[in-house]
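# Understanding the architecture of this molecule
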Amino acid sequence: MFNYHKRLFYPIHVEREDPVFAKVLTEHYSGIDSELASALQYFNQRSNISNRHIRELLGIISAEEFGHMELISVAINKLGGPPLTLVNTQGAVWGITQINQSLDVIKMLQMDIQTETRVIRLYQQQLELTDDLNMKKMIRFLITRGEVHKYLLKKAQKLLRENGLPEEFNELIYDYKMSLQVLK
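Residues numbered from 1 in each chain as written. Predicted model: local features only at pLDDT ≥ 70, side-chain atom pairs only at ≥ 80, totals over all residues. Heavy atoms only, no water.

## Quick word on the overall build of the chain
This is how it is decided: A run of H or I in DSSP becomes a helix once it reaches four residues, and a run of E becomes a strand once it reaches two; helices and strands are each numbered from the N terminus. Radius of gyration: C-alpha atoms only; globule rule: 2.2 Å multiplied by the number of residues to the exponent 0.38. Only protein chains enter the accessibility calculation, which uses a 1.4 Å probe; a residue is then buried when its area is under 20% of its type maximum, exposed when over 50%, and partly exposed in between. Any two residues having at least one pair of non-hydrogen atoms within 4.5 Å are treated as being in contact. Exposure was quantified through the Shrake-Rupley algorithm and a 1.4 Å probe, taking into account, for residues, occlusion by the shown protein chains and nothing else. Two residue types count as positive, namely Lys and Arg, and two as negative, namely Asp and Glu; His and chain ends fall outside the count. We put the charge of a Lys on NZ, of an Arg on CZ, of an Asp on CG and of a Glu on CD.
The secondary structure content of the chain amounts to six helices and zero strands. Listed by position from the N terminus, the elements making up the chain come as α-α-α-α-α-α. For the chain, the C-alpha radius of gyration of 17 Å lies close to 16 Å, the compact-globule estimate for 184 residues. With respect to the principal axes defined by its C-alpha atoms, the chain has extents near 50 × 35 × 30 Å. Considering the chain as a whole, with its 184 residues, one finds that 47% of them fall into the buried category. Across the chain, every contact between residues at least 6 apart in sequence was considered, and the portion connecting residues at least 24 apart equals 79%. Carbon and sulfur atoms make up 54% of the accessible area of the chain, which totals about 9,800 Å². Charged side chains in the chain number 22 positive and 22 negative. The centres of these two groups are separated by 2 Å.

## Remarks on empty space enclosed by the protein
Our working definition: In this analysis a 1.4 Å probe is tested at points of a 1 Å grid over the protein atoms alone, and where it fits but cannot get out there is a cavity; an open set with protein on both sides within 12 Å along at least five of seven lines is a pocket; lining residues have an atom within 4 Å of a point. Grid points are joined across faces, edges and corners, and a volume is the space filled by probe spheres set on the points. Residue polarity is assigned by list, with Asp, Glu, Lys and Arg as charged and Ala, Val, Leu, Ile, Met, Phe, Trp, Tyr, Cys and Pro as nonpolar; anything else, Gly included, falls into the polar class.
What the rule picks out here adds up to one cavity of 30 Å³ or more. One number sums up the size of the largest cavity: a volume of about 40 Å³. Lining the largest cavity are Glu35, Glu65, His68, Glu116, Val119, Tyr123, Leu142, Gly146 and His149. If you list the elements that add at least two residues to the lining of the largest cavity, you get helix H3 (52–78), helix H4 (105–127) and helix H5 (133–161). The residue makeup of the lining of the largest cavity, split by class, is three nonpolar, three polar and three charged.

## Observations concerning unusual backbone geometry
Positive phi, close to 50 degrees, is recorded for asparagine 163, a residue that is not glycine. Structurally, the position occupied by asparagine 163 is in the loop between H5 and helix H6 (166–181). The exposure class of asparagine 163 is exposed, given its relative accessible area of 66%.

## Looking at the nonpolar core
Formally: Side-chain atoms within 4.5 Å link the members of a nonpolar core, which is a set of buried Ala, Val, Leu, Ile, Met, Phe, Trp, Tyr and Cys residues.
Leu25, Ile72, Met135 and Met138 are the most contacted members of the largest nonpolar core, which has 24 residues in total. Residue assignment for this core shows that the elements contributing at least two residues are helix H1 (19–30), H3, H4 and H5. Here isoleucine 72 is in contact with Leu25, His28, Tyr29, Glu35, Tyr123, Met138 and Leu142, once residues within four sequence places are set aside. Counting residues in hydrophobic clusters, the runner-up holds 18 residues, among them Leu57, Phe169, Ile173 and Tyr176.

## A closer look at the packing of aromatic side chains
The geometry of an aromatic ring pair is captured by two quantities: the separation of the ring centres and the angle between the planes. Inclusion rule: In this analysis, rings of Phe, Tyr and Trp, with Trp reduced to its six-membered ring, are considered paired at centre separations within 6.5 Å, and the interplanar angle assigns stacked below 30 degrees, edge-to-face beyond 60, and tilted for intermediate values.
Applying the stated criterion across every chain yields a total of one aromatic pair. Ring centres 4.5 Å apart and planes at 25 degrees place the aromatic pair tyrosine 10 and phenylalanine 141 in the stacked group. Linking tyrosine 10 in the segment before H1 with phenylalanine 141 in helix H5, this pair joins segments that are 131 residues apart in sequence.

## A word on H1
Let me state the cut-off plainly: By definition here, a helix of n residues has an expected span of 1.5 Å times n minus one.
In this model H1 runs 17 Å from its N-terminal to its C-terminal C-alpha over 12 residues, within 8% of the 16 Å that 1.5 Å per residue would give. In terms of burial, H1 is a largely internal element, nine of the 12 residues being buried. Among the residues of H1, those classed as buried are Phe21, Ala22, Val24, Leu25, Thr26, Glu27, His28, Tyr29 and Ser30. Those residues of H1 that are buried are in contact with helix H2 (35–46), H3, H4 and H5.

Laid out in structure tokens, this is it:
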């Protein structure tokens, strides 16, 4: 299912090194609301979902989150940040307890929506912590992608609650793919 492409999901440029802002970005690499936590949460959840469309949606979002993690790592390195480890800005080691787990699909999706909301909020706060226009563009890009994920997760949750038709569930994948068209 997974493919690795040498080309980044979004080009990373920096105006100058900024180790302080690089350290701020480590929260997105290995913090509680990090791209790593999101990717593993969605990947784990998909194993417990019988609806093939939602399972596929969580799989492709999970893969994208790993791509976001790579963007963050490249940005941290270009900004002259610390070596990348799975430790957040407070020195806490990333752990499996940071993944929300449930076997109820509706609750699972609600946790995912909340995760995307927190990540978006954190990125929005960090917009003010840099003057680097390239970093602001990257953060806005990641906010936009988070909003797409949140929209699709809400749509999936609504379809489950309303016993949606197979073609309605198939729209989840179509909508995701269409959201990528604007990136080309």
